[in-house]
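One-letter residues, chain by chain:
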Amino acid sequence: MISKIEKIRQQVIVCKKCELCKYRTNAVPGKGNFNADLFFIGEAPGRSEDRLGEPFVGVAGKKLSIAFEHAGISRDEVYITNVVKCRPPKNRVPKEDEEKACQKYLKSEIDLIKPKIICIMGNTAYRSLLGGNNILKNRGKIIKKNGNLYFLSVHPAAIIYNQALMSTLKKDMKSLVKTLNRLNEG
Ligand code: URA
Ligand code: SF4
């Protein structure tokens, strides 16, 4: 029997619910452990992700991996996904109607995996899920909403343009793990 997450995956790869389906090579469903305690949300697939059909496998993904390693997080134990599952042309920010169209997949992923903490990476996920802005000011914060616990951090791609953010992301990942450990002890 195919799992419910696998079902979402199957729906995503053939989805035509918004314009972005016209530009993609591959849709990019979430990937990782279905029993994950930590659930990461980026913005949208980039060029490498579109080519390979997997999240965070390009330059931004490398940055994320470095921060994960620093904090002792293994990709196998977490789940990683995006606000929209298809690459916007020229990596533009997803439009509101595209996010709305794709929202049910993200919601199902969260509801099925039931992670202990959802890590928001960057302004798009912050705005889309929590109505927030200015992630640089708010990163490191923990927010409770509708029964979910959110941890705010920067987007790994931001490091490409601002190297100083590498240590920020590393620090946040350590703090995220600490928060999870505290919950588990708790
Ligand atoms: N940036 C994102 O937001 N998501 C990816 O999967 C890759 C780059
Ligand atoms: Fe469907 Fe989401 Fe891709 Fe739009 S971005 S076509 S809603 S999977």
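Just so we're clear, the structure is a prediction, and the values are computed from it rather than from any experiment.

(A) The pairing of strand S2 (residues 38–42), seen in detail. Among the five residues that make up S2, five are buried, leaving the element largely enclosed by the rest of the structure. The two faces of S2 match: Leu 38, Phe 40 and Gly 42 on one face and Phe 39 and Ile 41 on the other face are all buried. Where S2 and strand S4 (residues 117–121) come together, four bridges link them in parallel fashion. Residue pairing across strands places Phe 40 opposite Cys 119, the latter belonging to S4. Pairing analysis gives four bridges linking S2 to strand S3 (residues 79–82), with the strands arranged parallel. Looking across to S3, one finds that Gly 42 is bridged to Asn 82.

(B) Just the packing of aromatic side chains, in detail. Under the defined criterion, the tally for this structure stands at two aromatic pairs. Centre to centre, the rings of Phe 39 and Tyr 79 are 5.2 Å apart; their planes meet at 25°, and the pair counts as stacked. Of this pair, Phe 39 sits in strand S2 while Tyr 79 sits in strand S3, placing them 40 residues apart in sequence.

(C) Quick look at the site of ligand 2. Close to ligand 2 lie Cys 15, Lys 17, Cys 18, Leu 20, Cys 21, Arg 24, Lys 85, Cys 86, Ala 101, Cys 102 and Tyr 105, which account for all nearby residues. Here the residues of the shell around ligand 2 sort into eight nonpolar, no polar and three charged.

(D) Just the site of ligand 1, in detail. Inspection of the region around ligand 1 gives Gly 42, Glu 43, Ala 44, Glu 49, Pro 55, Phe 56, Asn 82 and His 155 as its neighbouring residues. Taking Ala 44, its main chain carries an N or O atom lying 3.0 Å from a nitrogen atom of ligand 1. Residue His 155 places a side-chain N or O atom 2.7 Å away from an oxygen atom belonging to ligand 1. The fraction of the free accessible surface of ligand 1 (240 Å²) that becomes covered by protein chains is 93%. Of the residues contributing to the shell around ligand 1, the split by class is three nonpolar, three polar and two charged.

Criteria and cut-off values
- Residues numbered from 1 in each chain as written.
- Chains lettered and ligands numbered in written order.
- Predicted model: local features only at pLDDT ≥ 70, side-chain atom pairs only at ≥ 80, totals over all residues.
- Heavy atoms only, no water.
- Buried < 20%, exposed > 50% of the residue type's maximum accessible area, 1.4 Å probe, protein only.
- Helix = DSSP H or I, 4+ residues; strand = E, 2+ residues; numbered from the N terminus.
- Pairing = 2+ DSSP bridges.
- Phe/Tyr/Trp six-rings, centres within 6.5 Å; stacked < 30°, edge-to-face > 60°.
- Near = heavy atom within 4 Å.
- Nonpolar A, V, L, I, M, F, W, Y, C, P; charged D, E, K, R; others polar.
- Polar contact = N/O pair within 3.5 Å; in protein donor to acceptor, adjacent residues only side chain to side chain.
- Areas by Shrake-Rupley, 256 points an atom, 1.4 Å probe, with all protein chains shown as cover.

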